[in-house]
Amino acid sequence: MGGYLIRRLLYMIPVLIIISLISFFVIQLMPGDFTTQFRLNPRFSKETIARLEEQYGLDQPAHVRYWRWVSGIITRGDFGYSMETMQPAFDALFKGRLGWTLLISFGTLIFTWVLAIPIGIYSARRQYSVGDYALTLFGFLGLSIPNFFFALVVIWFLVSVLNVGAAGLGVGGLFDVHYITAPWSWGKFVNFLWHLWPVLLVVGTSGMAGLIRYMRGQMLETLSRQYVMTARAKGLDERKVIWRHTVRNAINPLISMLGMSLPDLFAGAFFAAIILGLPTVERAFWNALQRQDEYVIMSGLLFFAFLLQVGNLLGDVMLAWVDPRIRYD
């Protein structure tokens, strides 16, 4: 397993280089650049714009800018500078945001799996029951409603129906205004939880709905296999049949999907961050896209590609852990 992990980590390097190369030149296809917004402003003269292009290196050919950017990462760990905020691109993207991003993303992942797996098992064991039909309806609703629309519905429900503002509770962000700069306390923690649950609900619902459907399908297929029927015919306790012989085999394909689910998770968090005003990497990435802040955009794309590869690796390792038939050595 150790050799396999080292090989997989080494494989990440050329993949990231190829992704950075493709992404950089795709970004160059966008019309205009960071200085385009200044060209439309009469207060900026041509000389000023030319000086900005020289300062940011935008007067250089694309392949020269790409090489400078990549060589800066390899030799100095320098991801370039944000043209908008005039700070290192790494800081513009991650400083004060990475922790919240990982907390929300992996919190959503845990929230999704902890609820979806038992619901999928329940739905499969009680196929065509009222509960199964209700959960199936929930699954289809979750799959069909876009994250951004669901986020707007949640905001409307909290503000217009529950009128939470009258109770002194805010909507959006991770804290009410008076808690943002306050030191951590029990009140701030409770306020954080109040702001966190809509995020988990919005981001996790679509993933949960799909996971429930997958788990239900895998359970039904596994329950019909010969070894499960044999275990039941021998009089084995039903709980052991379900949890030892059925769930352990049914969940394997879902574990392999874990890594592939990370892009959907970050895509959902992307829209939630914009609508709910979350201080996450996705929101900084969105701001950079609007301003064509190319080094911040490139750093964000590398970050998301790296997370996708780490997710795939974790999925493979977890699959080998739960299924003793799988060996990577």
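These numbers were taken from a predicted model, which means no experiment stands behind them. (Residues numbered from 1 in each chain as written. Predicted model: local features only at pLDDT ≥ 70, side-chain atom pairs only at ≥ 80, totals over all residues. Heavy atoms only, no water.)

So, about the side chain of Thr112. By secondary structure assignment, the location of Thr112 is in helix 6 (residues 98-125). Contacts of Thr112, omitting those with residues within four sequence positions, involve Gly204, Gly207, Met208 and Leu211. (Helix = DSSP H or I, 4+ residues; strand = E, 2+ residues; numbered from the N terminus. Contact = heavy atoms within 4.5 Å.)

Contact geometry for helix 10 (residues 186-223) and helix 12 (residues 238-250): axes closest at 8 Å, N-to-C directions at 125 degrees. In this view, helix 10 runs oblique relative to helix 12, as classed from their interaxial angle. Crossing of helix 10 over helix 12 shows right-handed handedness. Counted together, Met215, Gln218, Met219, Thr222 and Leu223 of helix 10 and Ile242, His245, Thr246, Val247, Asn249 and Ala250 of helix 12 form the full contact between these two elements. Considering only residue class, the contact of helix 10 with helix 12 consists of six nonpolar, five polar and no charged. (Axes fitted to C-alpha atoms, helices over the stretch in contact; angles between N-to-C directions. Parallel < 35°, antiparallel > 145°, perpendicular 65-115°, else oblique. Left-handed = near helix turned anticlockwise from the far one by under 90°. Nonpolar A, V, L, I, M, F, W, Y, C, P; charged D, E, K, R; others polar.)

Attention now moves to the domain arrangement of the protein. We note that the domain assignment places domain 1 (1-96 + 291-328) and domain 2 (99-278) within the protein. Relative placement of domain 1 and domain 2: their C-alpha centres are 30 Å apart. (Domains from an automatic or database assignment.)

Attention now moves to unusual backbone geometry. For residues other than glycine, phi is negative in most cases, and the peptide bonds are mostly trans. You will see that Tyr128, though not glycine, has its phi angle at about 65 degrees, which is positive. Locating Tyr128 in the fold gives a position in the loop between helix 6 and helix 7 (130-144). The exposure class assigned to Tyr128 is exposed, which follows from its relative accessible area of 56%. The backbone of Asn163 sits at a positive phi, close to 50 degrees, despite the residue not being glycine. Here Asn163 is to be found in the loop between helix 8 (147-161) and helix 9 (177-180). Judged by its relative accessible area of 43%, Asn163 falls in the partly exposed class. (Buried < 20%, exposed > 50% of the residue type's maximum accessible area, 1.4 Å probe, protein only.)

A few words on the UniProt feature "transmembrane region" (unreviewed entry) in the protein. This chain's UniProt record puts "transmembrane region" (unreviewed entry) on residues 9-30, 98-121, 133-159, 192-215, 254-276 and 296-322. Regarding residues 133-159, the helix share stands at 93% and the strand share at 0%, and the terminal C-alpha atoms are separated by 31 Å. Here residues 192-215 is 100% helix and 0% strand, with 32 Å between the C-alpha atoms at its ends. (UniProt positions renumbered as here; feature names shortened; annotations may be inferred.)

Turning to the pattern of salt bridges, a few remarks are in order. Using the criterion set out here, one finds five salt bridges in the structure. We note a salt bridge from Arg65 to Glu294, for which the minimum N-O separation is 3.1 Å. Taken together, the positions of Arg65 in helix 4 (residues 62-76) and Glu294 in helix 16 (residues 294-322) put the pair 229 residues apart, joining distant regions of the chain. Residue Arg216 is joined to Asp132 by a salt bridge in which the shortest nitrogen-to-oxygen separation is 2.9 Å. (Salt bridge = Lys/Arg side-chain N within 4 Å of Asp/Glu carboxyl O.)

On to a nonpolar patch on the surface. Among the surface-exposed residues, Leu137, Leu141, Ile145, Phe148, Phe149, Leu152, Val153, Trp156, Phe157, Val161, Leu162 and Phe271 lie close enough to one another that they form a single nonpolar patch of about 1,100 Å² accessible area. At the level of elements, helix 7 and helix 8 are the ones that each hand at least two residues to the nonpolar patch. In terms of residues, the nonpolar patch owes the most to one element, helix 8, which gives seven residues. Tracing the chain through its elements places Val153 in helix 8. Exposure remark for Val153: the relative accessible area of 32% places this residue in the partly exposed category. (Patch = residues over 30% accessible without salt bridge, like charges linked within 9 Å, V, L, I, M, F, W, Y side chains within 5 Å. Areas by Shrake-Rupley, 256 points an atom, 1.4 Å probe, with all protein chains shown as cover.)

All right, on to the nonpolar core then. Judged by nonpolar contacts, the single largest core of 45 residues is most densely connected at Trp113, Ile117, Ile121, Met215, Met219, Leu254 and Leu278. Counting only elements with at least two residues in this core, the list comes to helix 6, helix 8, helix 10, helix 11 (226-233), helix 12, helix 13 (252-256) and helix 14 (258-276). Tallying contributions element by element places helix 10 first for this core, with 13 residues. (Core = buried A, V, L, I, M, F, W, Y, C linked by side-chain atoms within 4.5 Å.)

What follows is about the side chain of Asp176. Relative to the elements of secondary structure, Asp176 occurs in the loop between helix 8 and helix 9. Nearest to the buried, unbridged Asp176 among oppositely charged side chains is Lys188, at 12 Å. At 2.8 Å, the side chain of Asp176 forms a polar contact with the side chain of His195. Those residues within four positions of Asp176 in sequence are excluded, and the remaining contacts are Gly168, Leu169, Gly170, Asn191 and His195. (Lys, Arg positive; Asp, Glu negative; His and termini not counted. Polar contact = N/O pair within 3.5 Å; in protein donor to acceptor, adjacent residues only side chain to side chain.)

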